[in-house]
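Residue strings, one per chain:
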Amino acid sequence: MDLDAVRTFVSVADAGRFREAALALDVTQQAVSKRVAALEKDLGARLFTRTARGARLTVDGQVFLPHARELLAAEERAAASVRPGRRALRIDVIGRRLAPADLVRDFHRAHPEVALDVVTLFDADAAISAVRSGTIDASFRALTERRLPDGVESARVHDEPVQLLTGPAHALAAARTITPARLAGHRIWMPGNDAGTEWAAFYDDLGAEFGITIEVTGPDFGAEPLLDTIADSPHLATFVGEQTRMVWPAGHDLRRIPIHDPTPVYPHSLIWRTDNPHPALALLRTHLGSPRFDSDTWTPKWAR
């Protein structure tokens, strides 16, 4: 149904005259007549009777009028739902236990008036494609040497220190801090370090830089089985981000050991479409700012 014709019908019904409706709609009286005639033809019903005093609604016109108003109200609601700032800002955080989720929670605490829709997309290519297509407004990623599509930009917004996670029987469990070089020869187990992902690229480069062997053997059953294995092993350890949220039973007695001299940092970037008009996106970018670059940190060359 032609909503312009419906809007014209409602305007004529309210004004009582075709001429006044034309003035209100800023169109010619002839255009008003044509729209009403087309609507009547579409409905198969006569909506107005013309009299010397103007246009009077027929019985069918009176029945149709409240539905016509409802159609126009629905049109307005539909348009309002996607106007910049009216719909929720949709952000991909990769995983709800990871640092990007913390960054978005901090943003929400600072700006509780901003509606958010938080999603988790595993694959970086899918996330970039979703940003480009407008399915999401922004995504947090560690950008490797892949080239972003035209119209998509990125900014490095957060450097997250990497920590060593061990069980109580591990040889390094008592260390207060540790250097990357000291990890050479120790077994670092990361079954979720899937080839082709940005985190695999990061840890592969970290291992190559400091002579660290990272094992990815065995299926990835998730965080809890990984923690169970680390807790019971005197040989296996793993890497976690400083802000990665992990909960384990008290009996596991796991140790999170900071790594220094240098500190490996995972480089989180925000990606977005340059023509995205959502005002909350600009607000998020301002809130995130840029990381402070410390000379005593390490990150792969592709992130520098």
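Shown above is the structure to which this text applies.
Residue positions are given per chain, counted from 1 along the sequence in the order it is written. This being a predicted model, a pLDDT of at least 70 is required before a residue's local features are given, and a value of 80 or more before pairs of side-chain atoms are given or counted; all residues contribute to the totals for chains, interfaces and linings. With hydrogens and water excluded, all non-hydrogen atoms of the structure serve as input to the side-chain values.

### Here we look at the packing of helix H1 (residues 3-15) against helix H3 (residues 29-43)
Orientation is described by axes fitted as lines to C-alpha atoms, over the contacting stretch for helices, and by angles from 0 to 180 degrees between their N-to-C directions. Helix and strand definitions follow DSSP, with helices as H or I runs of at least four residues and strands as E runs of at least two, each counted in order from the N terminus. Two elements in contact, H1 and H3, have axes whose closest approach is 9 Å; the angle formed by their N-to-C orientations is 110 degrees. In terms of orientation, H1 and H3 fall into the roughly perpendicular class. You can see that H1 and H3 cross each other, and the crossing is left-handed. Of the residues in H3, those in contact with Asp4, Ala5, Val6, Thr8, Phe9 and Val12 of H1 are Val32, Arg35, Val36 and Leu39. Of the residues assigned to the contact of H1 with H3, the class counts are 7 nonpolar, 1 polar and 2 charged. Throughout this description, any angle smaller than 35 degrees is read as roughly parallel, any larger than 145 degrees as roughly antiparallel, any in the 65 to 115 degree range as roughly perpendicular, and the remainder as oblique. Left-handed describes a crossing in which the near helix is turned anticlockwise from the far one by less than a right angle; the clockwise case is right-handed. We call two residues contacting when some pair of their heavy atoms lies within 4.5 Å. Throughout, the ten residues Ala, Val, Leu, Ile, Met, Phe, Trp, Tyr, Cys and Pro are labelled nonpolar, Asp, Glu, Lys and Arg are labelled charged, and all others, Gly among them, are labelled polar.

### A few points about helix H9 (residues 279-288)
Among the residues of H9, Ala280, Leu281, Leu284 and Leu288 are the ones counted as buried. Angularly, the buried residues of H9 cover 105 degrees about the axis, an arc narrow enough to put them on a single face. In this structure, the buried residues of H9 make contact with strand S3 (89-92), helix H5 (99-110), strand S5 (138-141), strand S6 (152-166) and strand S11 (263-273). Positive backbone phi, approximately 65 degrees, marks glycine 289, located one or two places after H9. Buried means the residue's accessible area, taken with a 1.4 Å probe over protein chains only, is under 20% of the maximum for its type, while exposed means over 50%, and partly exposed covers the values in between. Note: the arc covers the axis-to-C-beta directions of the helix.

### A few points about the side chain of glutamine 163
Summarising the element assignment, glutamine 163 is placed in strand S6. Classification of glutamine 163 as buried rests on a relative accessible area of 10%. The residues touching glutamine 163, leaving out its near neighbours within four places in the chain, are Thr238, Phe239, Val240, Glu242, Arg256, Ile257, Pro258 and Ile259.

### Describing the nonpolar core
Side-chain atoms within 4.5 Å are what join buried Ala, Val, Leu, Ile, Met, Phe, Trp, Tyr and Cys residues into a set we call a nonpolar core. One finds Leu164, Leu183, Ile188, Phe202, Tyr203 and Phe239 to be the most contacted residues of the largest nonpolar core, which totals 24 residues. Of all elements in the fold, only S6, helix H7 (198-210) and strand S9 (236-241) reach the threshold of two or more residues within this core. When residues in this core are grouped by element, the largest group, 5 residues, is from H7. Residues within four places of tyrosine 203 in sequence aside, it is in contact with Val162, Met190, Asn193, Ile214 and Phe239.

### Some details on a nonpolar patch on the surface
Patches here: salt-bridge-free residues with over 30% relative accessible area, like charges joined within 9 Å, nonpolar side chains (Val, Leu, Ile, Met, Phe, Trp, Tyr) joined within 5 Å. For the area figures, the Shrake-Rupley method with a 1.4 Å probe applies, and any residue is considered shielded solely by the protein chains shown. Salt bridges are defined by distance alone: a side-chain nitrogen of Lys or Arg within 4 Å of a carboxyl oxygen of Asp or Glu. A cluster of nonpolar side chains, Met1, Leu43 and Leu71, forms an exposed patch at the surface whose accessible area comes to about 250 Å². Mapped onto the fold, methionine 1 is located in the segment before H1.

### Quick notes on the packing of helix H2 (residues 18-25) against H3
Here H2 crosses H3 at 105 degrees, and the two axes come no closer than 8 Å. One element, H2, and the other, H3, form an angle in the roughly perpendicular class. Within the contact between the two elements, H2 uses Phe18, Arg19, Ala21, Ala22 and Leu25 and H3 uses Gln29, Val32, Ser33, Arg35 and Val36.

### Notes on the packing of aromatic side chains
Aromatic rings from Phe, Tyr and Trp, taking only the six-membered ring of Trp, are treated as a pair when their centres fall within 6.5 Å; an angle between ring planes under 30 degrees marks them as stacked, one over 60 as edge-to-face, and anything in between as tilted. Counted by the stated rule, this structure contains 9 aromatic pairs. Residues phenylalanine 9 and phenylalanine 48 carry aromatic rings whose centres are separated by 5.3 Å and whose planes lie at 50 degrees to one another, so their mutual orientation is tilted. Here the residue phenylalanine 9 occupies a position in helix H1, and phenylalanine 48 occupies one in strand S1 (residues 48-51), the gap between them amounting to 39 residues. Since its relative accessible area comes to 0%, phenylalanine 9 is described here as buried. Given the relative accessible area of 4%, phenylalanine 48 is considered buried. An angle of 65 degrees between the planes, with centres 4.9 Å apart, marks the rings of phenylalanine 202 and tyrosine 266 as edge-to-face. Residue phenylalanine 202 is located in helix H7, and its partner tyrosine 266 is located in strand S11; the two are separated by 64 residues in the primary sequence. Here the aromatic cluster, defined as three or more aromatic residues joined through ring pairs, consists of Phe202, Tyr203, Phe210, Phe239, Tyr266 and Trp298. Just above the ring of phenylalanine 18 sits the side chain of arginine 50; from NZ or CZ to the centre is 3.9 Å. The rule for a charge over a ring is simple: NZ of Lys or CZ of Arg within 6 Å of the ring centre, and within 35 degrees of the ring normal.

### What to know about the environment of glycine 134
Looking at the secondary structure, you find glycine 134 in the loop between helix H6 (124-133) and S5. For the pair glycine 134 and alanine 208, spaced 74 residues apart in the sequence, the C-alpha separation amounts to 37 Å.

### Side note on the side chain of asparagine 193
Residue placement: asparagine 193 occurs in the loop between strand S7 (187-189) and H7. The residues contacting asparagine 193, other than those within four sequence positions of it, are Trp199, Ala200, Tyr203, Asp204, Ile214 and Val216.

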